Amino acid sequence: MEREVRVWDNLKRDTEERMKKVAHLVEEGKVVKAENTVALLEGVIKPGDKVNLEGNNQKQADFLAECLCEVDPKKIYDLHMVQSVVSLKSHLDVFEKGIAKKLDFSFSGPQAGRLADFVRDGKLELGAIHTYLELFGRYYADLVPKVALIVAFEADKEGNLYTGFNTEDTPIIVEATKFKQGIVIAQVNKIVDKVPRVDIPADWVDFVIQSPKNFYIEPLFTRDPGLITDTQILMGMMALKGVYAEYGVQSMNHGIGFFTAAIELMLPTYAEELGLKGKICSYFALNPHPTMIPAIESGWVKNIHCFGGELGMEKYVAARSDVFFIGPDGTLRSNRAYSQAAGHYAMDMFIGGTLQIDKYGNSSTATANRVAGFGGAPNMGCDAKGRRHSSDAWLKCGLEYGMQEALLGKMPRGKKLVVQMQETFKEKMDPAFVDELDAWKLQKNANLDIPPVMVYSDDVTHYITEEGIAYFHKCVDMKEKMAAIRAIAGYTEIGLQAKEEETMDLRKRGIVKTPEDLGIDVTRANRSMLAAKNIKELVEWSGGLYNPPARFRNW
Amino acid sequence: MALNELNFKYKVENPQSIAKEYSHLGVVGSGDLEVLMEKKDFGGGAEVKVVTPVTGFDKVWEMVVTKFVKGNNLGDLLIEINDNNATPVVVSMRLRQALAEANKIEKGGE
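The rules behind the values
Residues numbered from 1 in each chain as written. Chains lettered and ligands numbered in written order. Predicted model: local features only at pLDDT ≥ 70, side-chain atom pairs only at ≥ 80, totals over all residues. Helix = DSSP H or I, 4+ residues; strand = E, 2+ residues; numbered from the N terminus. Expected span 1.5 Å × (residues − 1). Buried ≥ 20, exposed ≤ 12 C-beta atoms within 10 Å, placed from the backbone. Arc of directions from axis to C-beta. Domains from an automatic or database assignment. Contact = placed C-beta atoms within 7 Å. Nonpolar A, V, L, I, M, F, W, Y, C, P; charged D, E, K, R; others polar. Core = buried A, V, L, I, M, F, W, Y, C linked by C-beta atoms within 7 Å. Pairing = 2+ DSSP bridges. Axes fitted to C-alpha atoms, helices over the stretch in contact; angles between N-to-C directions. Parallel < 35°, antiparallel > 145°, perpendicular 65-115°, else oblique. Left-handed = near helix turned anticlockwise from the far one by under 90°. Right-handed = clockwise from strand over helix to strand, strands pointing away.

Peer 1: Talk me through helix H1 (residues 58–71) of chain B; I want residue IDs and the actual numbers.
Peer 2: Residues and elements named next belong to chain B. Its 14 residues give H1 an end-to-end C-alpha distance of 19 Å, which sits within 8% of 20 Å, the value for a rise of 1.5 Å per residue. When H1 is considered as a whole, its buried residues turn out to be Trp 61, Val 64, Val 65, Phe 68 and Val 69. Considered in projection along H1, the buried side chains sweep an arc of 120° and stay on one side of the axis. In H1, the exposed positions angled more than 90 degrees off the buried face are occupied by Lys 59 and Gly 71. Positive phi appears at Asn 73, one or two residues downstream of H1, with a value of about 50°.

Peer 1: Give me the lowdown on the domain arrangement of chain A, citing residues and values where you can.
Peer 2: All names here are of chain A. Partitioning chain A into domains gives domain 1 (21–210) and domain 2 (225–536). On a C-alpha basis, the centres of domain 1 and domain 2 stand 33 Å from each other. With 31 residues of domain 1 in contact, the opposing surface of domain 2 contributes 31 residues. Those elements that provide at least two residues to the side of domain 1 that touches domain 2 are strand E3 (100–107), helix H5 (112–120), strand E4 (125–129), helix H6 (132–139) and helix H7 (170–178).

Peer 1: Pulling in residues and values, what's your account of the interface of chain B and chain A?
Peer 2: Taken residue by residue, the interface counts 12 residues in chain B and 13 residues in chain A. Elements represented by at least two residues in the side of chain B that touches chain A include exactly H1 and helix H2 (88–102) of chain B. Of the residues forming the side of chain B that touches chain A, the biggest block, 7 residues, is contributed by H2(B). Looking at side-chain class alone, the side of chain B that touches chain A contains 9 nonpolar, 2 polar and 1 charged residues.

Peer 1: An account of the nonpolar core is requested, with residue identities and associated values reported.
Peer 2: All names here are of chain A. Residues Leu 68, Ala 186, Ala 239, Met 266 and Ala 470 are the most contacted members of the largest nonpolar core, which totals 197 residues. No other element matches the 10 residues that helix H8 (residues 230–247) contributes to this core. Once residues lying within four places of it in the same chain are set aside, the contact partners of Met 266 are Gly 236, Met 237, Leu 240, Ala 271, Met 529 and Leu 530.

Peer 1: Explain the sheet that holds strand E18 (residues 433–434) of chain A to me, using residue names and the numbers behind them.
Peer 2: All names here are of chain A. Strand order across the open sheet formed by 3 strands is E14-E13-E18, with mixed pairing between neighbours. The open sheet has two edge strands with one neighbour each: strand E14 (363–364) and E18. Looking at chain direction, strand E13 (residues 356–358) and E14 are connected through 2 bridges and run antiparallel. When the bridges of E14 are listed, Ile 357 appears paired with Ser 363.

Peer 1: Quick one: what's the story with helix H4 (residues 89–96) of chain A, residue by residue and with numbers?
Peer 2: Listed in full, the buried residues belonging to H4(A) are A:Ser90, A:His91, A:Leu92, A:Val94 and A:Phe95. Against the buried residues of H4(A) lie strand E1 (50–53), helix H3 (62–69), E3 and H5 of chain A.

Peer 1: Tell me what's going on with the packing of H6(A) against helix H13 (residues 336–345) of chain A, and back it up with residues and numbers.
Peer 2: Residue and element names in this part refer to chain A. Put simply, H6 and H13 touch, their axes get as near as 10 Å, and they point 125° apart. Relative to H13, the element H6 lies oblique. Pair H6 / H13 crosses with left-handed handedness. Packed against H6, whose contacting residues are Tyr 132, Leu 133 and Phe 136, the element H13 presents Arg 336, Ala 337, Gln 340, Ala 341 and His 344 at the interface.

Peer 1: If you had to explain the sheet that holds strand E20 (residues 468–471) of chain A to someone new, which residues and values would you point to?
Peer 2: For sheets, the rule is that strands pair by backbone hydrogen bonds, running either parallel or antiparallel. Residues and elements named next belong to chain A. Spatially, E11-E10-E9-E12-E15-E19-E20-E21 is the arrangement adopted by the 8 strands of the open sheet, whose pairing is mixed. Only two strands of the sheet have a single neighbouring strand rather than two, namely strand E11 (303–305) and strand E21 (512–513). Direction of pairing for strand E10 (residues 283–285) relative to E11: parallel, over a ladder of 3 bridges. In the strand pairing of E11, Tyr 283 is matched with Asn 303.

Peer 1: Account for the environment of A:Ile263, naming residues and giving values.
Peer 2: Residue and element names in this part refer to chain A. Here Ile 263 shows up in helix H9 (residues 258–265). The class of Ile 263 is buried, set by 27 C-beta atoms lying within 10 Å. Along the primary structure Ile 263 and Leu 234 are separated by 29 residues, whereas in three dimensions their C-alpha atoms are 9.8 Å apart. When neighbours within four sequence positions are excluded, Ile 263 is seen to be in contact with Gly 236, Ala 239 and Leu 240.

Peer 1: Describe the pairing of E4(A), and please don't skip the residues or the numbers.
Peer 2: Residue and element names in this part refer to chain A. In terms of strand pairing, E3 meets E4 through 3 bridges, oriented parallel. Note that in E4 the partner of Lys 102 across the bridge is Glu 125. Since E3 and E4 lie parallel, the crossover through H5 that links them has a hand, and here it is right-handed.

Peer 1: Explain the environment of A:Ile494 to me, using residue names and the numbers behind them.
Peer 2: Residue and element names in this part refer to chain A. For Ile 494, the position within the fold is in helix H18 (residues 493–496). Look at Ile 494 and you get buried, because 22 C-beta atoms sit within 10 Å. Taking the C-alpha atoms as reference, Ile 494 lies 31 Å from Gly 414; in sequence the two are 80 residues apart. Ignoring sequence-local partners within four residues, the contact set of Ile 494 consists of Lys 359, Phe 433, Asp 435, Ile 485, Arg 486 and Ala 489.

Here is the structure:
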């Protein structure tokens, strides 16, 4: 019998061919000069390739992104970009120029409006908007990058990389690319003789380029305590008393906004007064939020694992190795994938803000004309169904779950706390509670398969507005959930539909609690509650170790 | 900018005025407001005057103010609100804070 001879290493042969074409561009070791970057990209990338451009809501491979925009669109076109975020102008310029065609991503901040225009005008074919681990997972299934354009602080000539404080997404991208015979190109701030620590080993990296200027990092997680409002303080007090204390929540992820910044700054004050020290907030999956400094310094926190770095927090974090994850070289190693995994499986609570909540309790930050995705923290706004270990908070929330028996029969199971905070009205009298989410309009405008919902109603356990807390998970059906939403929706159209007796009944049964029900003195909700009232006081708390970026230095 | 003036009058059962003769809370910063409360002999009634640059939300103002006055059984009281685009959230909170401030009995001798 004759057997067909099949080739099983096409990917490897293809890569070898590409590598040969650019061999002449390599100086010593794996070093390519910055001015040869465009030629390198034109040599290793082929039309239709899946290309990963590293960048997240923190660090950016900005030089490689700009170089990719300069390749000849006659030679390189129809690229399928797979990347965590779309946040630089260049990220969309590659589509404008016809170099790239399709996009799969997770988050777009500043470019969200332009991205929506591109989708509508047919300049860009949108694959899907993902949560982070979901996108990372697809790097190992149907979205394996052929070429990864990544970023590190330092490299040696052999290609060992130091990603340090801002390691973030790099390991998971490089592993997917390199082990499927792909090509890894790194831009670095500096080529050195010896890196402080090897974050990515040299044989996983094909080329290193010293970029003309240091890569861009966005200080996305810095919140100036000076901007925290009394309403945010009130809602923070409600959260601490009605959720943190009520469930004894020990492990959590905090969202990025002012609500959680207020909570962080009230741990050494209000939470201390409530006698909660040691009983809540010991473990975090969290970026190095500057607003955590007073709580850390007051001995509240045992452990923080970071998704990424935060500009200005390098020295402070390095000096607190009992709390943060510090390498043998003395600097932090962040890792977005691991922190996300911890956020899903090891944390009892996700708490953060949202923008819009519909009458069913679905919430989204999507607006009609911005394809924004969902950022880091909201990725964890769900109950990871694979969880099997128990904790007090998780068990209590499960015991209270109104639909538990309908779904499981008589079987105990815990539930992760997913807490959404939102004032009933946003600026300019824009109501936060709506009949239908703007996500539906966006679905039409951007031609998406489904409306981009950030947190689904069946994952939310608690909604907090200035009117009260809805213990949403206690509801037995959608009818009751809708009544609970109305009860805390204030003077919005949705809130005005609340029926007095229905709301009273929910309050009696502990499904809705007002600040008064919680025993909170509303008059105390003012800025004297905050352990630090401005950035300068955060610097003082840190003993001078926190070095805020210039734009936050207003003294 | 033309300012919108709203006036509301109430008469509740067993009305309560404030402890102080006169009380003031808040600043007319952007998105905020000031609340002035003054004890008045209105024969048990309460009067509320709102000055706001916002138009089209008279109904919401009425609901916020009504809930506050009725919920706290207020009477023999003049409330003046000078608003600068505060949301109902902020209005409700400032009113509650203003009432608490107006009911603080000054302690002497410390």
